[in-house]
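Report on the structure
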Amino acid sequence: MSRRFRLALAALALSTVALGSCHAGARGRVLQVGSKKFTESVLLGEIATQLVRSSGIPAEHRAQLGGTQVLWNALTGGEIDVYPDYTGTLRADVLHDLTLDEAGLRRALAARGVTMSRSLGFADSYAIGMREEEAARLHIRTLSDFAKHPELALGLSEEFLDREDGWPGLRAAYHLPQTKVRAIDHDLAYRALASGKLDAIDLYTTDPEILYYKLRVLADDRGYFPDYAAVLLSRADLPARFPGAEAALARLNGAISTEQMAKLSARAKLDKEPEPEVAAGFLSMLGVHAAAPARISIAHRILRRTGEHLVLVAISLLAAILFALPLGIVAARREKLGQAILGATGVVQTIPSLALLVFMIPLLGIGAPPAIFALFLYSLLPIVRNTCTGLTDIPPSIRESAVALGLSPGARLRLIELPLASRAILAGIKTSAVLNVGTATLGAIIGAGGYGQPILTGIRLDDLSLILQGAVPAALLALLVQGLFDLGERWLVPRGLTL
């Protein structure tokens, strides 16, 4: 390996350590509040965070972390301390026992080291909704009426499709005959319904879009859906670790009506009012002085997300280089073993990104570590394959000349083979780097930050400017990375190979 290549690796390693240190040092010992990736949950998480801060306890809101299982695993794994959920969801999707009464629910949660608050004052149930004019035309008012129309196309959120109290149970309870059922993001489903691409979607009954899009909520005339009272879940050790936090959060018990929750969601989602300000306004009505965080400029937000994104990309890429280069060398020298190595790294590349990220949560928690490890795995194939190809493409006559000169295998590799293969190796590293920049945006789903955070928020709030704040910098960073590698090739690759 050339001296220049080693210097480049050392520079990448030093910058990665510096970025990682800054990123890790940004968090102190603070209470972690989580929320799911829909507006109501984000608002409840923000309200809880500001309420805890008002009592003098440092708190951080890790917003829109995905679905129920992501938040539950994060809570029981100690990654977060508090998050909002619903009693029906806990019975069906967490404990898998719809027969539990409230006392039984509390006992089952306590056995898992989790405490449940009293109801926050409102319930947010699942429902099926249609456009008012379409439902009137077909004379559909209830789910039993809905069962008479097998031709209707449904768009259901991924979680609702798989939940015990979701589509499988609903279809069985009402003998629903619809076969045109597709998975779609909850926030995107409203736009698809309004445009006529879908006939019906699943709703949360407090969604402000119900009034905005003039939808009809179909009556659950057989009483299928359980009660979904909103509650706060917290770790049982919360009082010992953060004295006063439980008492502060108790102020939310019974404090939010269904009408209030719908109005708060409308202010955030329809009126585009920042969620921290909506939360602060609600708390002021409770007599709690909780100043919303100061607004920061777009440039500052992009700069912060750039730092988070670079941490994800740089650490995963450096680890992949250090791991994949030796694998590529082995693959080039041992044909049968090489086929196994290329096959294994190829299989990893076929795993869907979201599935791999969620799979990592029980092992590494939430945040940057699982995202970095997933990106590391995705980076291996291009580097291994190009290293192997670059070495095997060296003409036999050059290898024979090196042997004739009496060079040892290590010297041949370091002085002749790797320099000759350097162009192919760099092309593989460049491919991995550019792919990592794009794939890293998915890390926001598990709280890793980066450019994916404004993209997720923009999709949820139907805000194009927020989406562009993540998408445009990500595209520019990918172009910049490609350009830097093109410049680096002139310095790292021997001149004779670039002629």
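Residues numbered from 1 in each chain as written. Predicted model: local features only at pLDDT ≥ 70, side-chain atom pairs only at ≥ 80, totals over all residues. Heavy atoms only, no water.

Details of the pairing of strand β2 (residues 59–62)
Summarising the sheet, strand β1 (residues 31–34) and β2 pair through 4 bridges and their orientation is parallel. Bridging from a neighbouring strand, Leu 31 pairs with Ala 59 of β2. Crossover connection from β1 via helix α2 (residues 39–54) to parallel β2: handedness right-handed. (Pairing = 2+ DSSP bridges. Helix = DSSP H or I, 4+ residues; strand = E, 2+ residues; numbered from the N terminus. Right-handed = clockwise from strand over helix to strand, strands pointing away.)

Examining the sheet that holds strand β8 (residues 200–204)
Spatially, the 5 strands line up as an open sheet ordered β7-β6-β8-β5-β9, and their pairing is mixed. Since the sheet does not close on itself, it has two edges, and those belong to β7 (181–183) and β9 (215–217), each with one partner. Taking the axes of each pair of neighbouring strands and ignoring which way they run, one obtains an average angle of 35 degrees across the sheet. Judged from the 3 bridges that link them, strand β6 (residues 154–156) and β7 form a sheet pairing that is parallel. Opposite Gly 155, over in β7, you have Arg 182 as the bridge partner. Relative to the sheet, helix α10 (residues 186–194) contacts β5 (126–131), β8 and β9, its axis offset from that of β8 by approximately 135 degrees. (Axes fitted to C-alpha atoms, helices over the stretch in contact; angles between N-to-C directions. Contact = heavy atoms within 4.5 Å.)

Focus on the confidence of the model for the protein chain
Per-chain confidence: the protein chain averages 88 in pLDDT, with 92% of residues scoring 70 or above. Taken together, the stretch residues 4–28 has pLDDT below 50 and engages in 34 contacts with residues farther than four places along the chain or on a different chain. (pLDDT = per-residue confidence, 0-100.)

Observations concerning unusual backbone geometry
A positive phi angle, near 40 degrees, is found at Gln 64, a position not held by glycine. Take Gln 64: it is sitting in the loop between β2 and α3 (68–76). Judged by its relative accessible area of 2%, Gln 64 is buried. We note that His 96 has phi near 55 degrees; this positive angle belongs to a residue other than glycine. Within the secondary structure layout, His 96 lies in the loop between α4 (87–94) and α5 (102–110). (Buried < 20%, exposed > 50% of the residue type's maximum accessible area, 1.4 Å probe, protein only.)

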